[in-house]
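Letter by letter, the chains look like this.
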Amino acid sequence: MRALVIAAALAAAAPAAAGPIDAPGFTKAFSCSACHGRAGATRADAVPSLAGMPAWYLKKAIDDYAAGRRPSPEMEPFSKMVKTLGVDEVAGYFAAQPREASQIKVDRTAVVNGRAASATCAACHGEDGRGDAAKGTPDLTGQPPGYLLNQMKLFKAEKRSPGDATLTSIKVFMKSLDDATLADLAAYYSSLGR
Amino acid sequence: MARMTRRDFLKASGSAAFAVSGLAGCASMGGAPTATTTPSELMPTTGRRVIVVGGGWAGATAAKYVRMEDPSLEVVLIEPNRKFISCPFSNLVLSGVRSIGSLTFGYNGLREQHGVKILHESATAIEPDTRRVRLDRGFLSYERLIVAPGIDFQTEQIEGLAAAGDRVLHAWKAGPQTVALARQLKEMPDGGVFVMSVPPAAYRCPPGPYERACQVAWYLKTRKPRAKLIVLDANQNVISKTALFRAAWQAYPNLEYRASSKVVKVDPEAREVTTEFGDKVRYDVVNVIPPQRAGAIAVQADLVGVDKRWCEVDHVTYESVKAKNVHVIGDSTIGIPVPKSGTIANAMGKIAATAVVNLINGRPAPQMPPANVCYSWVSDSEAMAVVNAYRIDNGKVVQIEQKLTPGQSTLYAQHATAWATSIWADILA
């Protein structure tokens with residue numbers, strides 16, 4: 001009780017209520033919300049949610065974009081900017097945000113079909129689709145279906161991480177699937193965690 | 001997150017005008033209620049107050065972020081319009097690809113989610129010496145002021161434009177003029193000539209006029225194949241995404257682009273515009289985008305530089321170089337190597353809000369650079385983009401890199417839509 005009273009007194013005396021401004025990385029990450037949503041929780045379909053993304057994966061993505069290994073005319077300059085600001089703080093900020101699954105509607109039939117087609121994916125991304133840091137595979141669950149579909153198409157067209165030998169197997173797999181199946185897989189993984 | 005009391009809500013909600021005039025009435029009861037009475041403080045401060053003048057991309061963002069970052073601050077946003085209508089994507093209204101309703105939003109999110117008090121009135125003057133903003137009915141005091149007045153048109157620079165009134169539209173502030181111009185385009189006969197003018201830089205949204213040319217040309221190509229678009233550009237060349245627009249226009253043989261063709265006169269009787277070299281161009285529908293300067297209140301408050309057009313600011317705090325405790329953001333600024341874009345306005349809103357919150361709390365403002373992405377729609381389904389990344393070097397904003405998409409695509413159009421969805425929420429929700 002006494003502790004509570006002291007805490008209340010301290011709070012009242014503080015010059016500014018502790019708001020998000022005091023969260024490490026908040027200021028360095030707030031440019032990102034223009035495309036990725038508040039605190040990285042996107043409401044859009046074609047960009048990934050960053051909220052709750054493990055720091056190791058966000059840092060890898062920033063490194064790959066900045067170096068041109070993952071070609072993106074939009075993300076390459078911004079990744080260089082994030083690196084000048086401090087990628088550790090930015091990645092730490094997003095990792096600490098509550099994960100929110102995409103609200104973009106997915107077709108139930110597509111989800112069922114996608115689940116049936118997902119066995120190969122599960123070998124690397126896990127049965128639950130949550131990814132595996134040891135294998136370097138990201139969590140796919142709850143990401144917007146449009147973003148997931150576009151990434152698969154980019155792999156298929158050798159436009160995402162072109163020439164990266166460690167990703168040969170996923171590209172071969174994507175090339176073996178038609179676009180309708182890719183859309184089913186996107187719907188399935190997006191539906192997980194909702 | 002930001003809690004509002006019922007009293008706050010009443011003051012800030014649609015009944016603001018009633019509540020405020022009630023207070024003003026009470027205040028004047030003690031004195032002589034004559035026309036010469038010194039105007040009174042319209043709302044007693046409930047604490048430390050930040051006023052934001054202008055509820056567009058920069059101002060609305062700033063109002064929200066000040067409250068998000070320090071809920072102990074009172075924020076009053078002064079914005080005459082009751083609805084926020086997005087300029088980005090409004091060229092798609094001309095081509096019928098989007099409705100104006102899909103670009104129209106209310107300010108309820110700022111009120112109800114963030115506790116921003118909103119007055120739908122016009123600020124009439126800024127008084128930095130007394131830290132007051134004047135409205136018709138009185139004044140409001142502030143600790144720090146954020147001015148985001150956008151742009152106004154230098155109508156006087158084009159002969160006949162002021163007298164033409166609504167017969168010659170700019171449609172460069174999204175709203176009724178956008179809808180009216182879309183109607184004129186729709187009603188134009190096949191075989192007609194649509195003439196649009198591009199103002200000399202600097203103006204709001206550098207790629208905007210060229211995107212508009214794409215949208216009008218796409219509409220004519222698909223709906224009025226015998227009609228023609230003539231673009232009269234005051235500049236020597238396309239000033240943004242030059243090669244990309246030139247490439248996109250290959251699909252529009254109905255588009256005739258004339259560089260160095262500044263429109264200096266418009267005659268709605270003769271349906272004719274005249275360029276500075278004396279060329280006369282007849283039109284069926286005309287869209288004159290006039291030369292621009294900072295919003296009138298910034299000019300009146302002498303926040304503009306010697307050119308009397310734009311406001312110079314500190315690159316870290318966005319405090320005016322001409323007035324203490326007054327921060328200027330958005331399209332009305334100059335001197336920072338950034339375009340007058342929606343993304344930049346949004347970024348400036350966040351950075352200035354953070355600076356204001358820190359300075360009011362006696363802390364230094366963090367050195368945060370803005371970031372920019374501008375998408376342009378070249379048809380109903382394809383878009384392209386320019387991206388700019390920045391850093392702060394010795395207190396100045398410096399560009400790290402500018403990059404263009406290699407061309408136009410439906411993927412970039414998806415990204416454009418994602419950007420719009422996200423940034424509208426970042427400003428208002």
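Because the structure is predicted, anything quoted here is derived from the model rather than measured.

1. Things to note about helix α9 (residues 145–156) of chain A
Right, so step 1: Compared with the 16 Å implied by 1.5 Å per residue over 12 residues, the 16 Å span of α9 of chain A between its first and last C-alpha is a close match.
Right, so step 2: Counting buried positions along α9 of chain A yields 9 of 12 residues, so the element is predominantly enclosed.
Right, so step 3: Within α9 of chain A, burial applies to P145, G146, Y147, L148, L149, N150, Q151, M152 and F155 of chain A.
Right, so step 4: Buried residues in α9 of chain A make contact with α10 (168–175) and α11 (179–191) of chain A together with α12 (410–428) of chain B.
Right, so step 5: Of the residues trailing α9 of chain A, E158 of chain A is marked for its positive phi of about 60 degrees.

2. Side note on the interface of chain B and chain A
Right, so step 1: Each side of the interface is counted separately: chain B has 48 residues, and chain A has 34 residues.
Right, so step 2: The contact between chain B and chain A buries some 3,200 Å² in all, and 67% of this surface belongs to carbon and sulfur atoms.
Right, so step 3: Summed over the shared surface of chain B and chain A, the number is 2 salt bridges.
Right, so step 4: Between K80 of chain A and E401 of chain B there is a salt bridge; the shortest N-O distance is 3.0 Å.
Right, so step 5: Of all the elements in the fold, those that place two or more residues in the side of chain B that touches chain A are α3 (57–69), α11 (342–360), β23 (371–377), β24 (383–393), β25 (396–404) and α12 of chain B.
Right, so step 6: Sorting elements by how many residues they give to the side of chain B that touches chain A places α12 of chain B first, with 11 residues.

3. Here's the deal with the confidence of the model for chain A
Right, so step 1: Of all residues in chain A, 90% have pLDDT values of 70 or greater, and the mean over the chain is 90.
Right, so step 2: In the model, residues 1–17 of chain A has pLDDT below 50 throughout and makes 8 contacts with residues more than four positions away in sequence or in other chains.

4. Concerning the domain arrangement of chain A
The extent of an interface is frequently quoted as the accessible surface area lost upon association of the parts.
Residue and element names in this part refer to chain A.
Right, so step 1: Domain annotation of chain A identifies domain 1 (23–99) and domain 2 (101–194).
Right, so step 2: For domain 1 versus domain 2, the separation of C-alpha centres amounts to 20 Å.
Right, so step 3: Counting the surface lost from both domain 1 and domain 2, the interface buries some 1,400 Å², and carbon and sulfur atoms represent 50% of this.
Right, so step 4: Broken down residue by residue, the surface that domain 1 buries against domain 2 is led by D45, R70 and R99, which jointly contribute 40%.

5. Quick word on the pairing of strand β2 (residues 49–53) of chain B
Residues and elements named next belong to chain B.
Right, so step 1: Most of β2 sits inside the fold, with 5 of its 5 residues counted as buried.
Right, so step 2: Residue alternation in β2 divides its side chains into two sets, R49, I51 and V53 and V50 and V52, and both sets are buried.
Right, so step 3: Bridge analysis of β2 against strand β3 (residues 74–78) gives 5 bridges, and the strand direction is parallel. Note on β3: the bridge partner recorded for R49 is E74.
Right, so step 4: Handedness of the β2-α3-β3 crossover: right-handed.
Right, so step 5: When β2 meets strand β10 (residues 144–147), the two strands line up parallel, connected through 4 bridges. Within β10, the residue paired with V53 across the bridge is V147.

6. Topic: the side chain of Q143 of chain A
Residue and element names in this part refer to chain A.
Right, so step 1: Among the structural elements, Q143 can be located in the loop between α8 (119–125) and α9.
Right, so step 2: Reaching out from Q143, the side chain makes a polar contact with the backbone nitrogen of S49 at a distance of 2.8 Å.
Right, so step 3: Setting aside anything within four residues of it in sequence, one finds Q143 in contact with P48, S49, M53, S102, L148 and S190.

7. Observations concerning the pairing of β23 of chain B
On any regular strand, side chains alternate: one points to one face of the sheet, the next to the other face.
All names here are of chain B.
Right, so step 1: Within β23, 7 of the 7 residues are buried, leaving the element largely enclosed by the surrounding structure.
Right, so step 2: As judged from the 7 bridges shared by β23 and β24, these two strands associate in the antiparallel manner. Residue pairing across strands places A371 opposite A389, the latter belonging to β24.

8. Looking at the packing of helix α4 (residues 55–67) of chain A against helix α6 (residues 87–95) of chain A
When two helices pack together, their arrangement is given by the angle between their axes and by how far apart the axes lie.
Residues and elements named next belong to chain A.
Right, so step 1: Where α4 contacts α6, the two axes come as close as 8 Å, and the packing angle between them is 135 degrees. The angle between α4 and α6 places the two elements in the oblique class. Taken as a pair, α4 and α6 cross one another with a handedness that is right-handed. In this structure, α4 contributes A55, L58, K59 and I62 to the contact, and α6 contributes V87, D88, A91, F94 and A95.

9. Details of the nonpolar core
Right, so step 1: With 149 residues, the main nonpolar core has L229, W249 and L303 of chain B as its most contacted residues.
Right, so step 2: Ranked by residues supplied to this core, first place goes to α11 of chain B with 10 residues.
Right, so step 3: Contact partners of W249 of chain B, with chain neighbours within four places excluded, come to Y210, A213, C214, V238, L255 and Y257 of chain B.
Right, so step 4: Listed in part, the 20 residues of the second largest apolar core include V111, L149, M152 and F173 of chain A.

10. Section: the pattern of salt bridges
Right, so step 1: Under the defined criterion, the tally for this structure stands at 31 salt bridges over all chains.
Right, so step 2: Across the pair E89 of chain A and K28 of chain A runs a salt bridge whose closest N-O atoms are separated by 2.7 Å. Separated by 61 residues along the polypeptide, E89 of chain A in helix α6 and K28 of chain A in helix α2 (residues 26–29) bring together distant segments of the chain.
Right, so step 3: Taking the relative accessible area as the measure of exposure, E89 of chain A reaches 36% and is therefore partly exposed.
Right, so step 4: The partner of D190 of chain B in a salt bridge is R226 of chain B, with the nearest N and O atoms 3.9 Å apart. On the criterion of sequence distance, the pair formed by D190 of chain B in the loop between α7 (176–187) and β12 (193–198) and R226 of chain B in the loop between α8 (208–223) and β13 (228–233) is long-range, its members being 36 residues apart.
Right, so step 5: Taken together, the salt bridges that share partners define one network made up of E76 and K80 of chain A together with E401 and K403 of chain B.

About the cut-offs
- Residues numbered from 1 in each chain as written.
- Chains lettered and ligands numbered in written order.
- Predicted model: local features only at pLDDT ≥ 70, side-chain atom pairs only at ≥ 80, totals over all residues.
- Heavy atoms only, no water.
- Helix = DSSP H or I, 4+ residues; strand = E, 2+ residues; numbered from the N terminus.
- Expected span 1.5 Å × (residues − 1).
- Buried < 20%, exposed > 50% of the residue type's maximum accessible area, 1.4 Å probe, protein only.
- Contact = heavy atoms within 4.5 Å.
- Buried area = accessible area lost by both parts, 1.4 Å probe.
- Salt bridge = Lys/Arg side-chain N within 4 Å of Asp/Glu carboxyl O.
- pLDDT = per-residue confidence, 0-100.
- Domains from an automatic or database assignment.
- Pairing = 2+ DSSP bridges.
- Right-handed = clockwise from strand over helix to strand, strands pointing away.
- Polar contact = N/O pair within 3.5 Å; in protein donor to acceptor, adjacent residues only side chain to side chain.
- Axes fitted to C-alpha atoms, helices over the stretch in contact; angles between N-to-C directions.
- Parallel < 35°, antiparallel > 145°, perpendicular 65-115°, else oblique.
- Left-handed = near helix turned anticlockwise from the far one by under 90°.
- Core = buried A, V, L, I, M, F, W, Y, C linked by side-chain atoms within 4.5 Å.

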